Amino acid sequence: MKYIPLKHVYPKDIRTMSILAKSGAMDRDTFHKMEITDNRIKSYLHAGMIRETSVIDKNGNGIKTYYELDKRGKEFCKQECHIKHFISNANASTHNAKVSEYLVNNLSKKELDSCLSERELQPFIEDRLQEYLDKQEHDHYQELVDALQNNQLSMPDIIYKTELGTWEAIEITTDSYGNEEIESKTMTCELLSVEVTFVHT
């Protein structure tokens with residue numbers, strides 16, 4: 001298949017691709033809320049930036065179509081959005097599309113631009129450790145170091161900076177989430193001094 005690159009790149013393309021990289025999947029309605037038309041979605045497909053994936057709806061409502069980044073989309077994100085780590089787990093398209101839907105429905109453009117996925121949190125954790133040291137919060141520092149060393153951190157889907165300048169986390173949960181998983185996410189967010197919102201789908 002011959003790919004047709006985008007003629008022009010607009011800020012909304014960069015923002016949309018960035019959210020797609022951080023969430024892993026998006027449905028057509030979420031694209032529309034990002035001000036991306038059906039024709040633009042077609043252009044992304046023709047450019048090899050995204051691919052369609054179909055999933056049987058768990059509630060028996062037929063088949064759901066989602067879009068995920070393809071190879072050229074990842075290249076675009078590396079160059080235009082400076083993203084190195086991508087969320088791409090093929091079995092979680094429905095969950096990932098819910099992440100992008102929640103973000104686009106509830107966050108301002110400024111907040112969207114600050115989003116960090118669970119794969120991008122290493123620098124954030126290092127900043128938090130430094131902050132605890134600077135404030136001489138040694139207990140907090142040690143708890144976080146211990147959790148890191150023991151592999152006890154369970155990262156939320158997204159952390160973002162609010163309009164007020166504080167960091168908050170979002171975790172999309174499904175029926176398969178057990179209490180242990182939720183407690184683990186809550187503990188991680190407490191160690192990172194981040195308030196977490198659980199969104200059940």
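Structural data are supplied above this passage.
How each quantity is defined
- Residues numbered from 1 in each chain as written.
- Predicted model: local features only at pLDDT ≥ 70, side-chain atom pairs only at ≥ 80, totals over all residues.
- Heavy atoms only, no water.
- Core = buried A, V, L, I, M, F, W, Y, C linked by side-chain atoms within 4.5 Å.
- Buried < 20%, exposed > 50% of the residue type's maximum accessible area, 1.4 Å probe, protein only.
- Helix = DSSP H or I, 4+ residues; strand = E, 2+ residues; numbered from the N terminus.
- Contact = heavy atoms within 4.5 Å.
- Pairing = 2+ DSSP bridges.
- Axes fitted to C-alpha atoms, helices over the stretch in contact; angles between N-to-C directions.
- Parallel < 35°, antiparallel > 145°, perpendicular 65-115°, else oblique.
- Left-handed = near helix turned anticlockwise from the far one by under 90°.
- Nonpolar A, V, L, I, M, F, W, Y, C, P; charged D, E, K, R; others polar.
- Polar contact = N/O pair within 3.5 Å; in protein donor to acceptor, adjacent residues only side chain to side chain.
- Phe/Tyr/Trp six-rings, centres within 6.5 Å; stacked < 30°, edge-to-face > 60°.

Looking now at the nonpolar core. Met17, Phe31, Tyr44, Ile50, Cys77 and Leu103 are the most contacted members of the largest nonpolar core, which has 32 residues in total. When residues of this core are traced back to their parent elements, those giving at least two are α1 (11–23), α3 (38–46), β2 (63–69), α4 (71–81), α5 (93–106), β4 (158–161) and β5 (167–173). Among the elements that line this core, the one with the most residues is α1, at four residues. For tyrosine 44, the residues in contact, after removing those within four places along its chain, are Leu6, Asp13, Thr16, Met17, Phe31, Ile36, Met49 and Ile50.

The next subject is the sheet that holds β5. A sheet is described by the order of its strands in space; here four strands give the open sequence β3-β4-β5-β6, paired in mixed fashion. Each of the sheet's edge strands pairs with one partner strand only, and the pair in question is β3 (116–117) and β6 (195–200). In terms of strand pairing, β3 meets β4 through two bridges, oriented antiparallel. Counterpart to leucine 116 in the pairing with β4 is isoleucine 159.

The next thing to look at is the packing of helix α7 (residues 122–134) against helix α8 (residues 138–149). Contact pair α7 / α8: the axes reach a minimum separation of 8 Å and the direction vectors enclose 150°. Viewed along their axes, α7 and α8 adopt a mutual orientation that is roughly antiparallel. Here α7 runs over α8; the crossing is left-handed. Along its contact with α7, which presents Ile125, Arg128, Leu129, Tyr132 and Leu133, the element α8 presents His138, His140, Tyr141, Leu144, Val145 and Leu148. Its residues placed into classes, the contact of α7 with α8 shows eight nonpolar, two polar and one charged.

Another point: the pairing of β4. In the sheet, β4 pairs with β5 via four bridges, with the strands oriented antiparallel. By the bridge assignment for β5, tyrosine 160 is matched with glutamate 168. Between the antiparallel neighbours β4 and β5 lie five residues, among them glycine 165 with a positive phi of about 90°.

If you trace the backbone, aspartate 113 turns up in helix α6 (residues 109–114). It is 20 Å that separates the C-alpha atoms of aspartate 113 and valine 199, two residues lying 86 residues apart in sequence. Polar side-chain contacts of aspartate 113 include one of 2.9 Å to the side chain of arginine 15.

At histidine 82, a residue that is not glycine, the phi angle is positive and equals roughly 55°. You will see that glutamine 136, though not glycine, has its phi angle at about 60°, which is positive. Along the chain, glutamine 136 falls in the loop between α7 and α8. Residue glutamine 136 is classed as exposed on the basis of its relative accessible area, which comes to 61%.

A few words now on the packing of α1 against α4. Closest axis-to-axis distance for the α1/α4 pair is 10 Å, and the angle between their directions is 120°. One finds that α1 runs oblique with respect to α4. Seen from above, α1 lies across α4 with left-handed handedness. Across from Asp13, Ile14, Met17, Ser18 and Ala21 in α1, the residues of α4 making contact are Phe76, Cys77, Glu80 and Cys81. A breakdown of the residues in the contact of α1 with α4 according to their chemical character gives six nonpolar, one polar and two charged.

Take the packing of aromatic side chains next. Ring pairs (aromatic) are described by centroid distance and by the angle formed between their planes. Under the criterion given, the structure shown has three aromatic pairs. Taking 5.6 Å as the distance between ring centres and 75° as the angle between the ring planes, the aromatic pair formed by phenylalanine 31 and tyrosine 67 counts as edge-to-face. With a gap of 36 residues between them, phenylalanine 31 in helix α2 (residues 28–33) and tyrosine 67 in strand β2 connect regions that are remote in the sequence. The pair formed by phenylalanine 31 and tyrosine 67 is uniform in burial state, with each residue classed as buried. Note on phenylalanine 124 and tryptophan 167: the rings are 5.1 Å apart at their centroids and 70° apart in plane angle, and the pair reads as edge-to-face. Here the residue phenylalanine 124 occupies a position in helix α7, and tryptophan 167 occupies one in strand β5, the gap between them amounting to 43 residues. Using a relative accessible area of 6% as the deciding quantity, one classes phenylalanine 124 as buried. Classification of tryptophan 167 by relative accessible area gives partly exposed; the value is 21%. These aromatic residues form a ring-pair network of at least three members: Phe31, Tyr44 and Tyr67.

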